[in-house]
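Descriptive structure summary
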Amino acid sequence: MAERNIVILGNGGAACHAVNAARHAGFTGNIHMISDIREPAFNPMLAPYYLKGRLAWEHCFPFGADFYKRHEVTCHFGSPVRELNAAARTVTTEDGFELTWDQCLVATGANAVMPPVPGLRESPFAYPLRTSASTRQLESVMATAEKAVILGASLVGIKIAEIMTHKKARIVVVDVAGQVMPRGAHPETAGYLRAYFEQHGVEFLLGCALEGLEEKESGVCCLFPETIVENADFIGVCTGIRSNLSFIDPQQVETDLGLLIDTRCRTSVDGLYAAGDCAQGTNPVTGQREWQGTWVNACYQGRTAGLNMAGHPSRFEGIVPQHISPFFQWTYAQIGNVNVTGDTVRVETLGHPFEGDGRFRLLVYEGERLVGANLINCTEDIGSLKHAISLGLSWNDKIDRLPVYLRQATG
Amino acid sequence: MRTQYGIYIDVERCVQCHACEVACKTTNGVEPGVKWRMVFDFWEGQFPTPRNHSIPYACFHCAEPACEAACPTGAIHKRASDGIVVIDGNRCIGCRSCQMACPFGIPQYGSDGRMQKCHLCVDRVGQGLAPACVATCPAEALVFGSMEELNRLPALKGALRLKRSRQSVAP
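**Considering the interface of chain A and chain B**
Counting residues at the interface gives 40 residues for chain A and 36 residues for chain B. Surface buried jointly by chain A and chain B totals about 3000 Å² across both partners, of which 62% is contributed by carbon and sulfur atoms. Residue E68(B) pairs with R303(A) through a salt bridge whose shortest N-O separation is 3.7 Å. Applying the counting criterion to the chain A and chain B interface returns 9 residue pairs in polar contact (both at pLDDT 80 or more). Looking at the side of chain A that touches chain B, the elements that each hand over two or more residues are α7 (295-309), β22 (322-327), β23 (330-336), α8 (382-390), α9 (397-400) and α10 (404-409) of chain A. The greatest single-element share of the side of chain A that touches chain B, amounting to 6 residues, is contributed by α7(A).

The following block contains the structure:
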(Lines give C-alpha, C1' and ligand atoms only; values in the text may rest on other atoms or scores of the structure.)
Protein backbone atom coordinates (compact mmCIF):
# COMPACT_ATOMS: atom_id res chain seq x y z
CA MET A 1 0.00 0.00 0.00
CA ALA A 2 1.46 3.38 -0.96
CA GLU A 3 2.39 5.62 1.93
CA ARG A 4 0.04 8.53 2.39
CA ASN A 5 1.17 11.97 1.33
CA ILE A 6 1.60 14.96 3.59
CA VAL A 7 0.80 18.47 2.43
CA ILE A 8 2.09 21.30 4.56
CA LEU A 9 0.72 24.80 4.20
CA GLY A 10 3.33 27.27 5.30
CA ASN A 11 7.09 27.47 5.53
CA GLY A 12 8.04 28.59 9.00
CA GLY A 13 9.24 27.04 12.23
CA ALA A 14 6.22 24.78 12.70
CA ALA A 15 6.27 23.57 9.11
CA CYS A 16 9.99 22.78 9.06
CA HIS A 17 9.96 21.04 12.43
CA ALA A 18 7.08 18.94 11.16
CA VAL A 19 9.08 17.92 8.10
CA ASN A 20 12.14 17.14 10.20
CA ALA A 21 10.16 15.07 12.69
CA ALA A 22 8.28 13.13 10.01
CA ARG A 23 11.42 12.18 8.10
CA HIS A 24 13.34 11.24 11.26
CA ALA A 25 10.39 9.07 12.26
CA GLY A 26 10.80 7.17 9.01
CA PHE A 27 8.11 8.68 6.81
CA THR A 28 9.08 7.97 3.21
CA GLY A 29 6.01 9.27 1.37
CA ASN A 30 5.72 12.53 -0.52
CA ILE A 31 5.86 15.74 1.48
CA HIS A 32 4.61 18.86 -0.29
CA MET A 33 5.07 22.35 1.05
CA ILE A 34 3.03 25.32 -0.15
CA SER A 35 4.06 28.88 0.66
CA ASP A 36 3.54 32.37 -0.67
CA ILE A 37 7.20 33.23 0.02
CA ARG A 38 9.98 32.15 -2.33
CA GLU A 39 12.76 31.76 0.18
CA PRO A 40 13.84 29.51 3.07
CA ALA A 41 11.99 29.69 6.37
CA PHE A 42 12.57 33.01 8.12
CA ASN A 43 12.33 33.44 11.89
CA PRO A 44 10.74 36.84 12.65
CA MET A 45 11.94 36.54 16.24
CA LEU A 46 15.48 37.07 14.96
CA ALA A 47 14.77 40.32 13.14
CA PRO A 48 15.58 42.56 16.14
CA TYR A 49 18.86 40.69 16.69
CA TYR A 50 19.77 41.20 13.06
CA LEU A 51 18.81 44.87 13.18
CA LYS A 52 20.98 45.23 16.30
CA GLY A 53 23.92 43.74 14.44
CA ARG A 54 23.99 40.68 16.68
CA LEU A 55 23.27 38.16 13.93
CA ALA A 56 24.29 37.69 10.32
CA TRP A 57 21.48 37.86 7.77
CA GLU A 58 21.89 34.26 6.64
CA HIS A 59 21.44 33.06 10.23
CA CYS A 60 17.92 34.54 10.29
CA PHE A 61 16.96 31.51 8.22
CA PRO A 62 17.56 28.76 10.81
CA PHE A 63 16.92 25.77 8.56
CA GLY A 64 18.96 26.95 5.59
CA ALA A 65 18.31 26.77 1.86
CA ASP A 66 19.24 23.10 1.52
CA PHE A 67 16.71 21.95 4.13
CA TYR A 68 14.06 21.11 1.53
CA LYS A 69 16.33 19.04 -0.70
CA ARG A 70 17.83 17.21 2.28
CA HIS A 71 14.38 16.25 3.51
CA GLU A 72 13.00 15.53 0.01
CA VAL A 73 10.27 18.15 0.17
CA THR A 74 8.46 19.13 -3.01
CA CYS A 75 8.15 22.89 -2.78
CA HIS A 76 5.34 24.93 -4.30
CA PHE A 77 6.47 28.43 -3.44
CA GLY A 78 5.30 31.81 -4.63
CA SER A 79 1.54 31.56 -4.36
CA PRO A 80 -0.58 31.70 -1.21
CA VAL A 81 -3.33 29.22 -0.48
CA ARG A 82 -6.74 30.36 -1.71
CA GLU A 83 -8.88 27.55 -0.36
CA LEU A 84 -8.63 24.46 1.79
CA ASN A 85 -11.53 22.10 1.20
CA ALA A 86 -11.67 19.79 4.18
CA ALA A 87 -14.48 17.69 2.74
CA ALA A 88 -12.79 17.06 -0.62
CA ARG A 89 -9.34 16.99 1.01
CA THR A 90 -7.91 19.42 -1.50
CA VAL A 91 -5.97 22.63 -1.29
CA THR A 92 -5.92 25.26 -4.03
CA THR A 93 -3.51 28.16 -4.43
CA GLU A 94 -4.15 31.62 -5.81
CA ASP A 95 -2.59 30.67 -9.15
CA GLY A 96 -4.92 27.71 -9.53
CA PHE A 97 -2.62 24.89 -8.48
CA GLU A 98 -4.49 22.11 -6.66
CA LEU A 99 -3.27 19.27 -4.49
CA THR A 100 -5.13 16.41 -2.89
CA TRP A 101 -3.95 15.46 0.57
CA ASP A 102 -4.12 12.40 2.79
CA GLN A 103 -2.80 14.41 5.70
CA CYS A 104 -2.48 18.14 5.78
CA LEU A 105 -0.74 20.43 8.22
CA VAL A 106 -1.87 24.04 8.39
CA ALA A 107 1.16 26.03 9.52
CA THR A 108 0.49 29.34 7.80
CA GLY A 109 1.53 31.43 10.75
CA ALA A 110 0.20 34.89 11.42
CA ASN A 111 0.32 38.36 9.97
CA ALA A 112 1.03 41.64 11.69
CA VAL A 113 -2.07 43.45 12.88
CA MET A 114 -2.47 46.96 11.54
CA PRO A 115 -4.61 49.03 13.93
CA PRO A 116 -7.68 50.56 12.25
CA VAL A 117 -6.29 54.09 12.31
CA PRO A 118 -7.29 56.18 9.29
CA GLY A 119 -4.32 56.51 6.97
CA LEU A 120 -2.03 54.16 8.85
CA ARG A 121 -2.10 51.25 6.44
CA GLU A 122 -1.32 53.49 3.46
CA SER A 123 1.25 55.66 5.19
CA PRO A 124 4.75 55.35 3.72
CA PHE A 125 6.11 55.89 7.23
CA ALA A 126 4.36 52.87 8.79
CA TYR A 127 6.35 49.65 9.07
CA PRO A 128 5.17 46.40 10.60
CA LEU A 129 7.86 43.85 11.47
CA ARG A 130 7.08 40.30 10.53
CA THR A 131 8.72 39.08 7.33
CA SER A 132 12.20 39.07 5.89
CA ALA A 133 11.14 41.74 3.40
CA SER A 134 9.80 44.03 6.11
CA THR A 135 12.99 43.49 8.12
CA ARG A 136 15.12 44.67 5.21
CA GLN A 137 12.82 47.66 4.73
CA LEU A 138 13.13 48.53 8.41
CA GLU A 139 16.89 48.27 8.22
CA SER A 140 17.19 51.01 5.64
CA VAL A 141 14.58 53.26 7.25
CA MET A 142 15.93 52.93 10.78
CA ALA A 143 19.38 53.98 9.65
CA THR A 144 18.16 57.50 8.94
CA ALA A 145 15.03 57.94 11.08
CA GLU A 146 15.23 60.77 13.57
CA LYS A 147 11.88 60.55 15.30
CA ALA A 148 10.14 57.24 15.83
CA VAL A 149 6.68 56.44 17.11
CA ILE A 150 6.32 52.81 18.04
CA LEU A 151 2.84 51.41 18.40
CA GLY A 152 2.83 48.68 21.05
CA ALA A 153 4.79 48.61 24.33
CA SER A 154 5.21 44.89 23.85
CA LEU A 155 8.36 42.80 23.71
CA VAL A 156 8.78 43.52 20.00
CA GLY A 157 7.97 47.22 20.36
CA ILE A 158 10.54 47.67 23.12
CA LYS A 159 13.15 45.78 21.10
CA ILE A 160 12.63 48.17 18.19
CA ALA A 161 12.82 51.09 20.59
CA GLU A 162 16.11 49.77 21.95
CA ILE A 163 17.58 49.56 18.45
CA MET A 164 16.43 53.10 17.69
CA THR A 165 18.14 54.46 20.81
CA HIS A 166 21.43 53.23 19.38
CA LYS A 167 20.67 55.21 16.23
CA LYS A 168 20.20 58.31 18.41
CA ALA A 169 16.63 58.83 17.31
CA ARG A 170 13.91 60.27 19.53
CA ILE A 171 11.54 57.44 20.40
CA VAL A 172 7.98 57.51 21.66
CA VAL A 173 6.35 54.18 22.51
CA VAL A 174 2.57 54.11 22.59
CA ASP A 175 0.14 51.55 23.99
CA VAL A 176 -3.55 51.50 24.80
CA ALA A 177 -2.69 49.60 27.97
CA GLY A 178 -1.57 51.54 30.99
CA GLN A 179 1.75 49.72 31.36
CA VAL A 180 4.56 48.26 29.32
CA MET A 181 4.44 44.53 28.54
CA PRO A 182 0.72 44.48 29.27
CA ARG A 183 0.28 40.77 28.59
CA GLY A 184 2.94 39.27 30.78
CA ALA A 185 4.34 41.78 33.25
CA HIS A 186 2.97 42.32 36.73
CA PRO A 187 2.30 46.04 37.35
CA GLU A 188 5.22 46.19 39.80
CA THR A 189 7.57 44.69 37.23
CA ALA A 190 6.16 46.91 34.50
CA GLY A 191 6.95 49.95 36.60
CA TYR A 192 10.60 48.93 36.95
CA LEU A 193 10.86 48.16 33.25
CA ARG A 194 9.34 51.49 32.26
CA ALA A 195 11.73 53.39 34.54
CA TYR A 196 14.70 51.48 33.10
CA PHE A 197 13.68 52.11 29.51
CA GLU A 198 13.12 55.78 30.25
CA GLN A 199 16.64 55.97 31.66
CA HIS A 200 17.78 54.87 28.21
CA GLY A 201 15.87 57.59 26.42
CA VAL A 202 12.58 55.96 25.57
CA GLU A 203 9.46 58.07 26.07
CA PHE A 204 6.10 56.50 26.73
CA LEU A 205 2.50 57.43 25.97
CA LEU A 206 0.48 54.78 27.78
CA GLY A 207 -3.24 54.38 28.15
CA CYS A 208 -3.93 56.08 24.86
CA ALA A 209 -4.32 55.13 21.23
CA LEU A 210 -3.21 56.67 17.96
CA GLU A 211 -6.27 58.41 16.55
CA GLY A 212 -5.04 59.63 13.21
CA LEU A 213 -2.19 60.78 10.99
CA GLU A 214 -1.51 63.96 9.10
CA GLU A 215 1.09 63.71 6.39
CA LYS A 216 3.43 66.66 6.16
CA GLU A 217 6.43 67.38 4.00
CA SER A 218 8.82 66.72 6.84
CA GLY A 219 7.15 63.57 8.12
CA VAL A 220 3.86 62.63 9.66
CA CYS A 221 2.00 64.06 12.63
CA CYS A 222 0.66 61.40 14.93
CA LEU A 223 -2.53 62.49 16.63
CA PHE A 224 -3.30 61.30 20.18
CA PRO A 225 -6.19 62.29 22.45
CA GLU A 226 -4.17 64.81 24.41
CA THR A 227 -1.04 65.39 22.38
CA ILE A 228 0.49 65.41 18.93
CA VAL A 229 3.84 63.95 17.98
CA GLU A 230 5.01 65.97 15.04
CA ASN A 231 7.33 65.12 12.20
CA ALA A 232 7.69 61.45 12.92
CA ASP A 233 9.59 59.77 10.12
CA PHE A 234 9.15 56.22 11.30
CA ILE A 235 6.10 54.45 12.75
CA GLY A 236 6.87 50.97 13.98
CA VAL A 237 3.72 48.85 14.08
CA CYS A 238 4.15 46.27 16.85
CA THR A 239 0.56 45.78 17.90
CA GLY A 240 0.40 42.04 17.67
CA ILE A 241 -0.32 39.37 15.10
CA ARG A 242 -3.36 37.49 13.88
CA SER A 243 -3.60 33.95 12.53
CA ASN A 244 -3.44 33.65 8.78
CA LEU A 245 -6.56 31.56 8.09
CA SER A 246 -8.45 33.43 5.39
CA PHE A 247 -8.55 30.27 3.25
CA ILE A 248 -10.27 28.20 5.95
CA ASP A 249 -14.02 27.67 5.99
CA PRO A 250 -14.96 27.89 9.68
CA GLN A 251 -18.02 25.77 8.90
CA GLN A 252 -15.68 22.90 8.06
CA VAL A 253 -13.04 23.24 10.79
CA GLU A 254 -13.40 24.38 14.39
CA THR A 255 -11.78 27.74 14.72
CA ASP A 256 -11.38 30.42 17.35
CA LEU A 257 -8.41 32.79 17.29
CA GLY A 258 -6.64 29.93 15.54
CA LEU A 259 -7.48 26.42 14.45
CA LEU A 260 -8.43 24.47 17.57
CA ILE A 261 -6.15 21.50 18.13
CA ASP A 262 -5.82 18.68 20.63
CA THR A 263 -2.61 17.42 22.24
CA ARG A 264 -1.69 15.63 19.00
CA CYS A 265 -2.18 18.82 17.01
CA ARG A 266 -5.25 17.36 15.32
CA THR A 267 -8.05 19.68 14.29
CA SER A 268 -11.72 18.73 14.19
CA VAL A 269 -11.20 17.23 10.72
CA ASP A 270 -9.68 13.78 10.36
CA GLY A 271 -6.20 13.98 8.81
CA LEU A 272 -6.00 17.76 9.20
CA TYR A 273 -3.43 19.10 11.65
CA ALA A 274 -2.41 22.59 12.68
CA ALA A 275 0.64 24.00 14.36
CA GLY A 276 2.25 27.32 15.18
CA ASP A 277 0.84 30.82 15.13
CA CYS A 278 -2.29 29.73 13.28
CA ALA A 279 -3.17 27.06 15.85
CA GLN A 280 -4.73 27.19 19.30
CA GLY A 281 -3.53 24.54 21.70
CA THR A 282 -3.84 24.03 25.42
CA ASN A 283 -2.38 26.06 28.26
CA PRO A 284 -1.48 23.33 30.78
CA VAL A 285 -2.06 25.66 33.74
CA THR A 286 -5.53 26.91 32.85
CA GLY A 287 -6.56 23.83 30.88
CA GLN A 288 -8.02 26.19 28.29
CA ARG A 289 -7.14 26.32 24.65
CA GLU A 290 -5.29 29.57 24.22
CA TRP A 291 -3.55 31.10 21.29
CA GLN A 292 0.21 31.64 21.73
CA GLY A 293 2.35 33.30 19.13
CA THR A 294 5.81 32.13 20.12
CA TRP A 295 8.54 30.40 18.14
CA VAL A 296 9.07 27.70 20.74
CA ASN A 297 5.38 26.80 20.87
CA ALA A 298 5.27 26.64 17.07
CA CYS A 299 8.29 24.34 16.95
CA TYR A 300 6.98 21.95 19.60
CA GLN A 301 3.61 21.78 17.87
CA GLY A 302 5.22 21.30 14.48
CA ARG A 303 7.38 18.48 15.80
CA THR A 304 4.34 16.82 17.38
CA ALA A 305 2.24 17.15 14.23
CA GLY A 306 5.06 15.71 12.12
CA LEU A 307 5.45 12.67 14.35
CA ASN A 308 1.73 11.98 14.34
CA MET A 309 1.44 12.38 10.60
CA ALA A 310 4.30 9.90 10.24
CA GLY A 311 2.36 7.37 12.27
CA HIS A 312 4.23 7.86 15.57
CA PRO A 313 1.65 8.89 18.17
CA SER A 314 3.02 11.81 20.10
CA ARG A 315 1.48 14.28 22.45
CA PHE A 316 2.29 17.85 23.31
CA GLU A 317 0.51 18.95 26.45
CA GLY A 318 1.07 22.60 25.69
CA ILE A 319 3.28 25.22 27.23
CA VAL A 320 2.56 28.15 29.45
CA PRO A 321 2.97 31.62 27.96
CA GLN A 322 6.65 32.48 28.19
CA HIS A 323 9.10 35.04 26.94
CA ILE A 324 12.69 35.85 27.71
CA SER A 325 14.68 38.64 26.17
CA PRO A 326 17.60 40.99 26.76
CA PHE A 327 16.76 44.69 26.84
CA PHE A 328 19.76 46.99 26.99
CA GLN A 329 21.82 45.48 29.86
CA TRP A 330 18.91 43.69 31.52
CA THR A 331 17.50 40.25 30.89
CA TYR A 332 13.76 40.04 31.42
CA ALA A 333 11.55 36.96 31.50
CA GLN A 334 7.85 36.40 32.00
CA ILE A 335 6.17 33.05 32.52
CA GLY A 336 2.60 32.01 33.03
CA ASN A 337 -0.03 34.39 34.32
CA VAL A 338 1.06 37.05 36.78
CA ASN A 339 -2.16 39.04 36.62
CA VAL A 340 -4.56 36.52 38.14
CA THR A 341 -6.98 37.88 40.68
CA GLY A 342 -8.82 36.33 43.59
CA ASP A 343 -8.76 35.80 47.32
CA THR A 344 -6.10 33.08 47.21
CA VAL A 345 -3.66 35.04 45.08
CA ARG A 346 -0.44 36.21 46.68
CA VAL A 347 2.66 37.80 45.28
CA GLU A 348 6.21 37.27 46.55
CA THR A 349 9.09 39.43 45.48
CA LEU A 350 12.79 39.03 46.04
CA GLY A 351 15.42 41.68 45.35
CA HIS A 352 15.16 44.92 43.44
CA PRO A 353 16.38 45.63 39.90
CA PHE A 354 17.78 49.05 40.86
CA GLU A 355 19.45 47.99 44.10
CA GLY A 356 22.16 45.62 45.21
CA ASP A 357 23.03 43.07 42.54
CA GLY A 358 20.12 44.20 40.38
CA ARG A 359 18.29 40.90 40.58
CA PHE A 360 14.52 40.86 40.90
CA ARG A 361 12.09 37.99 41.07
CA LEU A 362 8.32 38.16 41.37
CA LEU A 363 6.32 34.98 41.92
CA VAL A 364 2.55 34.77 41.84
CA TYR A 365 0.68 31.99 43.62
CA GLU A 366 -2.89 30.85 43.60
CA GLY A 367 -3.10 29.12 46.93
CA GLU A 368 0.06 27.02 47.06
CA ARG A 369 0.31 26.68 43.33
CA LEU A 370 2.83 28.80 41.44
CA VAL A 371 1.06 30.32 38.41
CA GLY A 372 3.32 33.05 37.13
CA ALA A 373 6.70 34.71 37.40
CA ASN A 374 8.61 37.76 36.27
CA LEU A 375 12.38 37.77 36.44
CA ILE A 376 14.90 40.53 35.91
CA ASN A 377 18.58 39.54 35.73
CA CYS A 378 18.14 36.20 37.48
CA THR A 379 17.15 33.64 34.91
CA GLU A 380 19.32 30.71 36.05
CA ASP A 381 16.36 28.81 37.48
CA ILE A 382 13.93 29.81 34.80
CA GLY A 383 13.66 26.33 33.33
CA SER A 384 12.79 24.80 36.69
CA LEU A 385 10.39 27.64 37.51
CA LYS A 386 8.64 27.24 34.21
CA HIS A 387 8.18 23.54 34.69
CA ALA A 388 6.98 24.01 38.25
CA ILE A 389 4.31 26.36 36.86
CA SER A 390 3.44 23.91 34.08
CA LEU A 391 3.07 21.05 36.55
CA GLY A 392 1.02 23.09 39.00
CA LEU A 393 3.56 22.85 41.80
CA SER A 394 4.64 25.16 44.54
CA TRP A 395 8.15 26.53 44.85
CA ASN A 396 10.68 26.36 47.64
CA ASP A 397 14.10 27.83 46.98
CA LYS A 398 15.79 25.26 49.22
CA ILE A 399 14.74 22.26 47.19
CA ASP A 400 12.98 23.45 44.09
CA ARG A 401 16.09 24.84 42.50
CA LEU A 402 16.85 21.21 41.84
CA PRO A 403 14.99 20.51 38.64
CA VAL A 404 11.64 18.96 39.46
CA TYR A 405 12.24 15.79 37.49
CA LEU A 406 15.50 15.04 39.27
CA ARG A 407 13.95 15.65 42.66
CA GLN A 408 11.32 13.09 41.86
CA ALA A 409 14.08 10.64 40.98
CA THR A 410 15.33 10.66 44.56
CA GLY A 411 12.06 9.17 45.73
CA MET B 1 21.24 7.37 14.88
CA ARG B 2 24.22 5.10 15.09
CA THR B 3 24.43 5.19 18.88
CA GLN B 4 23.33 7.32 21.79
CA TYR B 5 25.95 8.02 24.39
CA GLY B 6 25.10 8.89 27.95
CA ILE B 7 26.25 8.86 31.54
CA TYR B 8 24.75 6.63 34.21
CA ILE B 9 24.60 8.35 37.59
CA ASP B 10 24.62 6.17 40.69
CA VAL B 11 23.40 8.64 43.31
CA GLU B 12 24.10 6.15 46.09
CA ARG B 13 27.79 6.09 45.25
CA CYS B 14 28.21 9.85 44.96
CA VAL B 15 30.21 11.17 47.94
CA GLN B 16 29.79 14.87 47.13
CA CYS B 17 33.47 15.44 46.52
CA HIS B 18 32.67 17.69 43.53
CA ALA B 19 35.71 16.33 41.69
CA CYS B 20 33.55 15.92 38.60
CA GLU B 21 32.76 19.64 38.60
CA VAL B 22 36.43 20.54 38.88
CA ALA B 23 37.48 18.09 36.18
CA CYS B 24 34.86 19.46 33.83
CA LYS B 25 35.88 23.05 34.41
CA THR B 26 39.59 22.44 34.02
CA THR B 27 39.25 20.19 30.97
CA ASN B 28 36.84 22.50 29.14
CA GLY B 29 38.06 25.87 30.39
CA VAL B 30 34.67 26.71 31.83
CA GLU B 31 34.60 30.23 33.21
CA PRO B 32 33.84 31.13 36.84
CA GLY B 33 30.14 31.33 37.55
CA VAL B 34 29.24 28.75 34.94
CA LYS B 35 28.99 25.03 35.59
CA TRP B 36 28.53 22.41 32.95
CA ARG B 37 28.33 19.67 35.57
CA MET B 38 26.67 20.43 38.86
CA VAL B 39 26.42 18.53 42.12
CA PHE B 40 23.23 19.37 43.92
CA ASP B 41 23.14 18.56 47.63
CA PHE B 42 20.02 18.80 49.69
CA TRP B 43 18.58 17.51 52.93
CA GLU B 44 15.13 16.12 53.59
CA GLY B 45 13.30 14.98 56.67
CA GLN B 46 13.87 15.85 60.29
CA PHE B 47 15.88 14.62 63.22
CA PRO B 48 16.36 11.76 64.03
CA THR B 49 16.01 10.59 60.42
CA PRO B 50 17.17 13.28 58.06
CA ARG B 51 18.20 12.17 54.61
CA ASN B 52 20.85 13.70 52.42
CA HIS B 53 20.79 13.46 48.67
CA SER B 54 23.51 14.27 46.25
CA ILE B 55 22.86 14.39 42.57
CA PRO B 56 25.64 15.13 40.11
CA TYR B 57 24.12 16.08 36.79
CA ALA B 58 24.85 17.75 33.52
CA CYS B 59 23.12 17.84 30.16
CA PHE B 60 21.13 14.67 29.60
CA HIS B 61 21.38 14.90 25.80
CA CYS B 62 17.68 14.20 25.60
CA ALA B 63 16.11 12.07 22.92
CA GLU B 64 13.90 15.03 21.95
CA PRO B 65 15.85 18.03 23.20
CA ALA B 66 13.60 20.85 24.30
CA CYS B 67 16.50 23.24 23.77
CA GLU B 68 16.89 22.20 20.14
CA ALA B 69 13.26 22.91 19.39
CA ALA B 70 13.35 26.21 21.26
CA CYS B 71 16.53 27.58 19.66
CA PRO B 72 15.49 30.25 17.17
CA THR B 73 18.68 30.14 15.10
CA GLY B 74 19.24 26.41 14.83
CA ALA B 75 22.42 26.75 16.90
CA ILE B 76 21.57 23.67 18.92
CA HIS B 77 21.40 20.28 17.32
CA LYS B 78 21.53 16.64 18.32
CA ARG B 79 24.31 14.83 16.46
CA ALA B 80 23.06 11.91 14.43
CA SER B 81 26.22 9.88 14.99
CA ASP B 82 26.24 9.76 18.77
CA GLY B 83 23.23 11.67 20.10
CA ILE B 84 25.32 14.39 21.73
CA VAL B 85 23.50 17.73 21.82
CA VAL B 86 25.85 20.57 20.95
CA ILE B 87 25.65 24.35 20.68
CA ASP B 88 27.20 26.09 17.69
CA GLY B 89 28.64 29.24 19.22
CA ASN B 90 28.80 30.94 15.83
CA ARG B 91 25.04 30.86 15.47
CA CYS B 92 24.11 31.42 19.11
CA ILE B 93 22.73 34.87 19.92
CA GLY B 94 22.44 34.36 23.67
CA CYS B 95 18.68 34.83 23.70
CA ARG B 96 18.33 32.25 26.52
CA SER B 97 15.41 30.49 24.87
CA CYS B 98 17.17 27.21 25.56
CA GLN B 99 17.63 28.17 29.21
CA MET B 100 13.91 28.69 29.46
CA ALA B 101 13.09 25.48 27.61
CA CYS B 102 15.30 23.11 29.56
CA PRO B 103 13.55 21.64 32.62
CA PHE B 104 16.95 20.81 34.14
CA GLY B 105 18.48 24.28 34.07
CA ILE B 106 21.37 23.15 31.89
CA PRO B 107 22.18 25.85 29.29
CA GLN B 108 23.97 28.76 30.87
CA TYR B 109 24.88 32.23 29.69
CA GLY B 110 28.57 32.92 29.24
CA SER B 111 30.52 36.15 29.41
CA ASP B 112 30.91 36.00 25.63
CA GLY B 113 27.17 36.52 25.26
CA ARG B 114 26.51 32.95 24.15
CA MET B 115 24.91 29.93 25.75
CA GLN B 116 27.03 26.96 26.77
CA LYS B 117 26.62 23.52 28.28
CA CYS B 118 28.07 20.06 28.57
CA HIS B 119 28.96 18.45 25.26
CA LEU B 120 30.05 15.10 26.76
CA CYS B 121 33.67 16.09 26.08
CA VAL B 122 33.19 15.40 22.38
CA ASP B 123 36.90 15.64 21.68
CA ARG B 124 37.74 13.04 24.32
CA VAL B 125 34.91 10.77 23.20
CA GLY B 126 36.17 11.07 19.66
CA GLN B 127 39.49 9.67 20.85
CA GLY B 128 37.84 6.78 22.63
CA LEU B 129 38.13 8.34 26.07
CA ALA B 130 35.43 8.88 28.66
CA PRO B 131 34.33 12.41 29.53
CA ALA B 132 36.53 14.14 32.10
CA CYS B 133 33.94 13.91 34.88
CA VAL B 134 33.59 10.16 34.47
CA ALA B 135 37.33 9.58 34.29
CA THR B 136 37.84 11.59 37.49
CA CYS B 137 35.08 10.31 39.76
CA PRO B 138 36.78 8.50 42.66
CA ALA B 139 33.59 6.74 43.73
CA GLU B 140 32.74 5.41 40.27
CA ALA B 141 29.36 7.08 40.56
CA LEU B 142 29.48 8.06 36.90
CA VAL B 143 29.63 5.51 34.12
CA PHE B 144 29.94 6.44 30.44
CA GLY B 145 28.78 4.34 27.56
CA SER B 146 26.05 3.72 25.03
CA MET B 147 22.51 3.78 26.32
CA GLU B 148 22.29 0.12 25.43
CA GLU B 149 25.11 -0.64 27.84
CA LEU B 150 23.97 1.76 30.53
CA ASN B 151 20.41 0.46 30.57
CA ARG B 152 21.70 -2.84 31.93
CA LEU B 153 23.29 -1.24 34.97
CA PRO B 154 20.23 -0.71 37.19
CA ALA B 155 19.21 -4.33 36.73
CA LEU B 156 22.75 -5.49 37.52
CA LYS B 157 22.81 -3.34 40.60
CA GLY B 158 19.44 -4.66 41.71
CA ALA B 159 20.58 -8.25 41.17
CA LEU B 160 23.74 -7.68 43.19
CA ARG B 161 21.75 -6.16 46.02
CA LEU B 162 19.37 -9.09 46.03
CA LYS B 163 22.24 -11.53 46.06
CA ARG B 164 23.88 -9.77 49.00
CA SER B 165 20.65 -9.62 50.97
CA ARG B 166 20.17 -13.36 50.54
CA GLN B 167 23.72 -14.06 51.57
CA SER B 168 23.29 -11.95 54.70
CA VAL B 169 20.35 -14.02 55.91
CA ALA B 170 21.75 -17.37 54.88
CA PRO B 171 22.41 -19.65 57.86
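**Observations concerning helix α4 (residues 132-142) of chain A**
Within the span of α4(A), buried status applies to S132(A), S134(A), T135(A), L138(A), V141(A) and M142(A). Structurally, α4(A) contributes buried residues whose contacts are with α2 (47-51), β9 (126-128), α5 (155-166) and β16 (234-237) of chain A.

**Overview of the confidence of the model for chain B**
Residue-level pLDDT values for chain B average 91, and 97% of them are 70 or greater. Scored as a whole, the predicted complex attains pTM 0.88, and scored at its interfaces, ipTM 0.86.

**Observations regarding the pairing of strand β15 (residues 228-232) of chain A**
All names here are of chain A. Note: strand β14 (residues 219-223) against β15, 3 bridges, orientation antiparallel. Following the sheet pairing, V220 is matched in β15 by A232. Between the end of β14 and the start of β15, which pair antiparallel, lie 4 residues.

**A short note on the layout of surface pockets**
All names here are of chain A. Here the second largest pocket defines a volume of roughly 1000 Å³. For the lining of the second largest pocket, the element with the most residues is helix α1 (residues 13-24), which contributes 5 residues. By residue class, the composition of the lining of the second largest pocket is 17 nonpolar, 7 polar and 8 charged.

Rules used throughout
- Residues numbered from 1 in each chain as written.
- Chains lettered and ligands numbered in written order.
- Predicted model: local features only at pLDDT ≥ 70, side-chain atom pairs only at ≥ 80, totals over all residues.
- Heavy atoms only, no water.
- Contact = heavy atoms within 4.5 Å.
- Buried area = accessible area lost by both parts, 1.4 Å probe.
- Salt bridge = Lys/Arg side-chain N within 4 Å of Asp/Glu carboxyl O.
- Polar contact = N/O pair within 3.5 Å; in protein donor to acceptor, adjacent residues only side chain to side chain.
- Helix = DSSP H or I, 4+ residues; strand = E, 2+ residues; numbered from the N terminus.
- Buried < 20%, exposed > 50% of the residue type's maximum accessible area, 1.4 Å probe, protein only.
- pLDDT = per-residue confidence, 0-100.
- Pairing = 2+ DSSP bridges.
- 1 Å grid on protein atoms, 1.4 Å probe; cavity = no way out; pocket = protein on both sides within 12 Å on 5 of 7 lines; lining within 4 Å.
- Points joined across faces, edges and corners; volume = space filled by probe spheres on them.
- Nonpolar A, V, L, I, M, F, W, Y, C, P; charged D, E, K, R; others polar.

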